[in-house]
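# Report on the structure
What follows is each chain in one-letter form.
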Amino acid sequence: MDNFPVNCQQCGAPLPRQARWLTVTCTYCAAQYTHARVVAAKRFREAYLRSCVATGAVVDCAGQRYRVLAALAAGAHTRILAAERIGALRERVVLKVAHDGAPPGRLRRESEVLAQLQDENADRAAYFTQRLPQAVAFGLATQPDGSSNAALVLRNPPGFWGSLAAVRANYPRGIDARHAVWMWRRTLEVLGYVHGAGWAHGNLHPGHLLVHPGDHGMLIIGWAGAQRAADGSAACARDLRQAAWSIRALLAAGDGAGAPPIPDAVPAALAALLRRASEDQDWCMAAGAQGIDDQLVAAAAAAFGAPRFIAFSPTPPP
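Per chain, residue numbering runs from 1 following the sequence as it is written. Note on the predicted model: pLDDT of at least 70 is required for a residue's local features to be given, and 80 or more for side-chain atom pairs to be given and counted; whole-chain, interface and lining totals, by contrast, use all residues. With hydrogens and water stripped out, all remaining heavy atoms of the structure feed into the side-chain values.

On to the nonpolar core, then. Each nonpolar core is a collection of buried residues, namely Ala, Val, Leu, Ile, Met, Phe, Trp, Tyr and Cys, held together in the definition by side-chain atoms within 4.5 Å. Each residue is placed in one exposure class: buried if its accessible area under a 1.4 Å probe, protein chains only, is under 20% of its type's maximum, exposed if it is over 50%, and partly exposed if it falls in between. Membership of the largest hydrophobic core comes to 58 residues, with the highest contact counts inside it found for Leu-164, Met-183, Trp-184 and Trp-223. Where helices and strands are cited, they refer to DSSP runs of H or I of at least four residues and of E of at least two residues respectively, numbered from the N terminus. For this core, the element with the most residues is helix α5 (residues 177-196), which contributes 11 residues. Cys-61, Ala-83, Leu-95 and Val-97 belong to the second largest nonpolar core, which has 12 residues in total.

To continue, consider the packing of helix α7 (residues 268-279) against helix α8 (residues 281-304). Helix axes are fitted to C-alpha atoms over the stretch in contact, other axes to C-alpha atoms as well, and angles between N-to-C directions run from 0 to 180 degrees. Running from N to C, α7 and α8 point in directions that differ by 165°, and their axes come no closer than 9 Å. Between α7 and α8, the angle is such that the two are roughly antiparallel. As α7 packs across α8, the resulting crossing turns out to be left-handed. Touching Ala-269, Leu-270, Leu-273, Arg-276, Ala-277 and Glu-279 of α7 are Gln-281, Trp-283, Cys-284, Ile-292, Gln-295, Leu-296, Ala-299 and Phe-304, all from α8. Each residue is assigned to one class: nonpolar for Ala, Val, Leu, Ile, Met, Phe, Trp, Tyr, Cys and Pro, charged for Asp, Glu, Lys and Arg, and polar for all the others, Gly among them. Residue composition of the contact of α7 with α8, by class: 10 nonpolar, two polar and two charged. Between 65 and 115 degrees an angle is taken as roughly perpendicular, under 35 as roughly parallel, over 145 as roughly antiparallel, and anywhere else as oblique. Helix crossings are classified by the rotation of the near helix relative to the far one: an anticlockwise turn of less than a right angle makes the crossing left-handed, while a clockwise turn makes it right-handed. The contact definition used throughout considers only heavy atoms, calling two residues in contact when any of these lie within 4.5 Å.

On to the pattern of salt bridges. The salt bridge definition used is simple: a Lys or Arg side-chain nitrogen within 4 Å of an Asp or Glu carboxyl oxygen. Scanning all chains against the criterion turns up 11 salt bridges. With a shortest N-O distance of 3.0 Å, Glu-84 and Arg-67 are connected by a salt bridge. With Glu-84 in strand β5 (residues 78-85) and Arg-67 in strand β4 (residues 64-74), the pair connects residues that are 17 residues apart, well separated along the chain. We classify Glu-84 as buried; its relative accessible area is 14%. In this structure Arg-67 comes out as buried when scored by relative accessible area, which is 9%. One salt bridge in this structure joins Arg-276 and Asp-280, with 3.9 Å as the shortest N-O distance. Arg-276 gets classed as partly exposed once you look at its relative accessible area, which sits at 45%. Taken together, the salt bridges that share partners define one network made up of Arg-67, Glu-84, Arg-90 and Arg-92.

Another aspect to go through is the sheet that holds strand β12 (residues 217-220). One open sheet holds the three strands; their spatial order is β9-β11-β12, and the pairing between them is antiparallel. Looking at strand neighbours, the two that pair on one side only are β9 (162-163) and β12, the edges of this open sheet. Inspection of the sheet shows β9 paired to strand β11 (residues 209-212) by two bridges, in the antiparallel sense. Paired with Gly-162 across the two strands is Val-211, which belongs to β11. When DSSP locates at least two bridges between a pair of strands, those strands are taken to pair.

Let's shift gears to the confidence of the model for the protein. For the protein, per-residue confidence averages 88 on the pLDDT scale, and residues scoring 70 or more make up 91% of the total. Mean pLDDT across the elements of the protein ranges from a minimum in helix α1 (residues 41-51), with 68, to a maximum in α8, with 97. Scored from 0 to 100, pLDDT records how confident the predictor is in each individual residue.

In structure tokens, the structure reads:
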């Protein structure tokens with residue numbers, strides 16, 4: 001125990017030594033003094049009750065209530081909501097709520113796939129499982145109008161801006177090829193892990209690729225249709241082709257109708273690799289994610305020199 005003297009913070013009078021570990025009352029000015037930072041039980045309960053007060057639209061799912069903050073997107077089978085867990089330990093989450101008439105069991109299947117991906121014990125699992133969606137809960141979501149639909153609650157990793165589909169809409173003339181390189185590489189890294197763990201996504205497109213502008217990161221979502229597949233299989237090669245096609249679409253100008261052309265401004269070696277990876281299924285099967293990434297590193301070095309960080313904005317400057 002420290003032997004330093006304790007003085008009242010209000011009047012400066014000396015306090016008894018018990019003030020080092022107890023709440024005491026100053027005999028001169030009657031002020032209460034607490035050396036350790038503690039919260040009175042009454043104040044704690046008041047704060048806790050305030051945290052449980054629900055305002056706005058509230059969804060109940062798997063025994064927990066969530067305050068809806070905003071609508072993020074609407075897919076063919078689900079609507080995506082930003083939400084916050086109501087309670088003392090608040091947490092931002094993403095809610096996927098099934099539409100009426102959506103295929104039964106689809107969100108349950110996605111929850112099971114994500115749980116298995118998180119349970120993998122493959123090399124570097126601790127790193128890559130942080131770069132895959134993490135399910136919090138699955139259940140029936142009771143909505144403000146009293147209706148109930150299947151719902152999947154996902155953690156909301158900070159920093160992810162939106163999908164590459166939204167980026168493409170903001171850049172109708174295409175993005176800089178230097179940004180396409182890191183987006184493609186980050187996607188290949190995750191696919192390499194997933195394929196090595198024996199899984200294939202099966203439905204990669206720009207809407208299923210979320211971008212983290214600050215950290216140059218990518219998050220692959222939409223795992224309801226994932227399947228078990230051996231690395232190097234046709235299913236994994238399909239993922240690799242779809243990833244290349246998504247990057248090719250980001251570089252292309254136009255409205256997205258038809259096959260996205262590769263602009264002349266894209267360096268020749270990078271354009272050739274992108275064309276082959278997006279069109280040649282057998283080559284993708286033989287090369288795998290690591291083989292494509294190795295060639296991408298070489299093509300980028302030939303075109304742009306040594307790697308360097310270039311800030312990316314998902315919305316073009318005015």
